[in-house]
Amino acid sequence: MNERQLLMIPGPISFDPAVLRVMSTPTDSHVSAEFIELFGRALDDMLQVFLAPHGYPFVVAGSGTLAMELGLANLIEPGDRVLVIRTGVFGERFSDIARRQEAVVDEITAPLGEAPALAEVEKQLASASYKVMTVTHVDTSTGVAADAKGLAALARKHGALMVLDGVCATAGMECQQEAWGVDVYLTASQKAISVPPGLALLVASEQAMEAFRKRKSLVRSYYADWGKWLPIMDAYRGRKAAYFGTPAVNLIYALRLSLSQILAEGMEARFARHLQLSDGFKAAATALGLRQVPVRPEFGAATLTAAYYPEGVGAELLKKVADEGVILAGGLHPDIKTRYFRVGHMGPTLPSDILATVGAIERGLAALGHPVEMGAGVQAAQKAMGV
Ligand SMILES: *Cc1c(COP(=O)(O)O)cnc(C)c1O
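Residues numbered from 1 in each chain as written. Predicted model: local features only at pLDDT ≥ 70, side-chain atom pairs only at ≥ 80, totals over all residues. Heavy atoms only, no water.

Colleague: It is not clear to me how the sheet that holds strand β10 (residues 199–204) should be interpreted in this structure. Could you clarify?
Modeller: Either a parallel or an antiparallel arrangement is found when strands of a sheet pair, and the pairing is made through backbone hydrogen bonds. If you walk across this open sheet you meet the 7 strands as β2-β10-β9-β8-β5-β3-β4, and the pairing is mixed. Of all strands in the sheet, those bounded by a partner on one side alone are β2 (56–61) and β4 (104–109). Geometrically, the sheet is characterised by an average inter-axis angle of 15° between neighbouring strands, direction not taken into account. As paired elements, strand β3 (residues 81–86) and β4 share 6 bridges and run parallel to each other. Note on β4: the bridge partner recorded for V82 is V105. In the packing of helix α9 (residues 226–237) onto the sheet, contacts are made with β2, β9 (184–188) and β10, and the angle to β2 comes to roughly 110°. (Pairing = 2+ DSSP bridges. Helix = DSSP H or I, 4+ residues; strand = E, 2+ residues; numbered from the N terminus. Axes fitted to C-alpha atoms, helices over the stretch in contact; angles between N-to-C directions. Contact = heavy atoms within 4.5 Å.)

Put into structure tokens, the structure is as follows:
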């Protein structure tokens, strides 16, 4: 690996050097006074980043998929109905997890590159008594963003709990968990939260906690049971120690620092910066003749761009771009896997990183003999990002 490479994939991302450095701090006891304070602060800060001041935060060692399971396993009992909104491959994962919990699962699958219309979702919600509706805020396989606010309002109206997968969105795309009525908002450390992989993060609403308390059966996962973790999180928030499973101490050092950086930037400014980066990259893609997977701009995520290769070009482009020091991701959605690529632009990414990435794509296309007007993408990105 070239240590100066730009990792522009939709997670893990290029992390802030200070966040990486703090992970090499000697590992402290998880019950030391210093660690109790640090973890407690991280949990408090998480509620500000999730915009859920009265929520119940959880930080558990694991990846984003564990966060999804932590969300569903605690709300579902056998026979409960779950509505899964699918805008790419990550919705299917929710269905799989829900079926493991013996839920009855219905899906609304949007055509590739689209999110379903609210009217269609409302019709389905009205047709049966759903306990939970799952939504993928940004589906990383398609670059499609769902209308989290509109969908949360529908879920509330029809008495369903909304579980929102924010793995590729949280701290990059606006989501006001409490104001919008999102019951479980979950993410993982390695995307816009900007901490190396290994932490599952989740905030539950009072309504979600109420549903959890009313369960008649045991949660069918030992490690993912909120009942095991809630006393631990409560203890650290009250600046006391408690033990269930050893916390990922060094990752929590990094989380604490990254959350404080996020809050220092300010949530509104941070969401606006992600839009700026996204507008810049998407304008460049258009200028270079790269068609995006989201079929209309309103379906496009701010944290990543999924674009088709131009005619006559394939995954060899990614190799050429890597030779320029920029790492991009290939396709993930099975229907179009070999025909498109993905670029992440989240976390500490700067406008100049967008320019470097666009420049590397121009050079890669030229190296493959593809007709490209050198600088056209960079110019479009500069114009779209402003100063
Ligand atoms: C990355 C991602 C996941 C899975 O996270 P892992 O950390 O790989 O388990 C789930 N949902 C979305 C939307 C993602 O982008």
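Colleague: Please explain the site of the ligand as it appears in this structure.
Modeller: As a structural note, the neighbourhood of the ligand is formed by 14 residues, with S63, T65, T140, D165 and K191 the closest of them. K191 has a polar side-chain atom sitting 2.6 Å from an oxygen atom of the ligand. Coverage of the ligand by the protein chains reaches 88% of its 380 Å² of free accessible surface. For the shell around the ligand, the elements supplying multiple residues, two or more each, are α3 (64–73) and α4 (89–100). Residue contributions to the shell around the ligand peak at 3 residues, all from α3. Looking at side-chain class alone, the shell around the ligand contains 5 nonpolar, 6 polar and 3 charged residues. (Near = heavy atom within 4 Å. Polar contact = N/O pair within 3.5 Å; in protein donor to acceptor, adjacent residues only side chain to side chain. Areas by Shrake-Rupley, 256 points an atom, 1.4 Å probe, with all protein chains shown as cover. Nonpolar A, V, L, I, M, F, W, Y, C, P; charged D, E, K, R; others polar.)

Colleague: What exactly am I supposed to notice about the environment of K157 here?
Modeller: Summarising the element assignment, K157 is placed in helix α6 (residues 148–157). Taking C-alpha positions, K157 is 9.6 Å from A126, a pair spaced 31 residues apart along the chain.

Colleague: In this structure, what is going on with empty space enclosed by the protein? I would like to understand it.
Modeller: To find leftover empty space, a probe the size of one water molecule is rolled over the atoms. In the structure shown here, the tally under the stated rule is 2 cavities of 30 Å³ or more. For the largest cavity, the calculated volume is near 50 Å³. If you trace the largest cavity, you find it lined by V59, V60, A61, L199, Y223, W229, G245, T246, P247, A248 and I252. Here the lining of the largest cavity is composed, by residue class, of 9 nonpolar, 2 polar and no charged. Taken as a whole, the second largest cavity holds about 30 Å³ of empty space. Among the elements that make up the lining of the second largest cavity, the one with the highest residue count is α9 (3 residues). In terms of residue class, the lining of the second largest cavity is built from 6 nonpolar, 1 polar and no charged. (1 Å grid on protein atoms, 1.4 Å probe; cavity = no way out; pocket = protein on both sides within 12 Å on 5 of 7 lines; lining within 4 Å. Points joined across faces, edges and corners; volume = space filled by probe spheres on them.)

Colleague: I tried to follow the pattern of salt bridges on my own but got confused; where do I start?
Modeller: Oppositely charged side chains can pair when the atoms bearing their charge come close. Tallied over the entire structure, the rule returns 20 salt bridges. With its nearest N and O atoms 2.7 Å apart, the salt bridge here joins D45 to R256. One end of the pair, D45, is in helix α2 (residues 33–49); the other, R256, is in helix α10 (residues 249–265), and 211 residues separate them in sequence. The pair formed by D45 and R256 is uniform in burial state, with each residue classed as buried. Close ionic contact of R213 with E206 constitutes a salt bridge, the shortest N to O distance being 3.4 Å. Residue class for R213 comes out partly exposed when judged on its relative accessible area of 46%. One network of salt bridges, in which partners are shared, links E37, R41, D44, R237 and R239. (Salt bridge = Lys/Arg side-chain N within 4 Å of Asp/Glu carboxyl O. Buried < 20%, exposed > 50% of the residue type's maximum accessible area, 1.4 Å probe, protein only.)

Colleague: Please explain the packing of aromatic side chains as it appears in this structure.
Modeller: Between two aromatic rings, the relevant description is the distance of the centres plus the angle of the planes. Evaluated as defined, the whole model comprises 12 aromatic pairs. A centroid spacing of 5.4 Å and a plane angle of 20° characterise the contact between F58 and W226, whose relative ring orientation is stacked. Of this pair, F58 sits in strand β2 while W226 sits in helix α9, and the two are 168 residues apart along the sequence. Judged by its relative accessible area of 1%, F58 falls in the buried class. Take W226: its relative accessible area is 0%, and that puts it in the buried class. Aromatic rings pair up to connect F35, F39, Y236 and Y253 into one cluster. (Phe/Tyr/Trp six-rings, centres within 6.5 Å; stacked < 30°, edge-to-face > 60°.)

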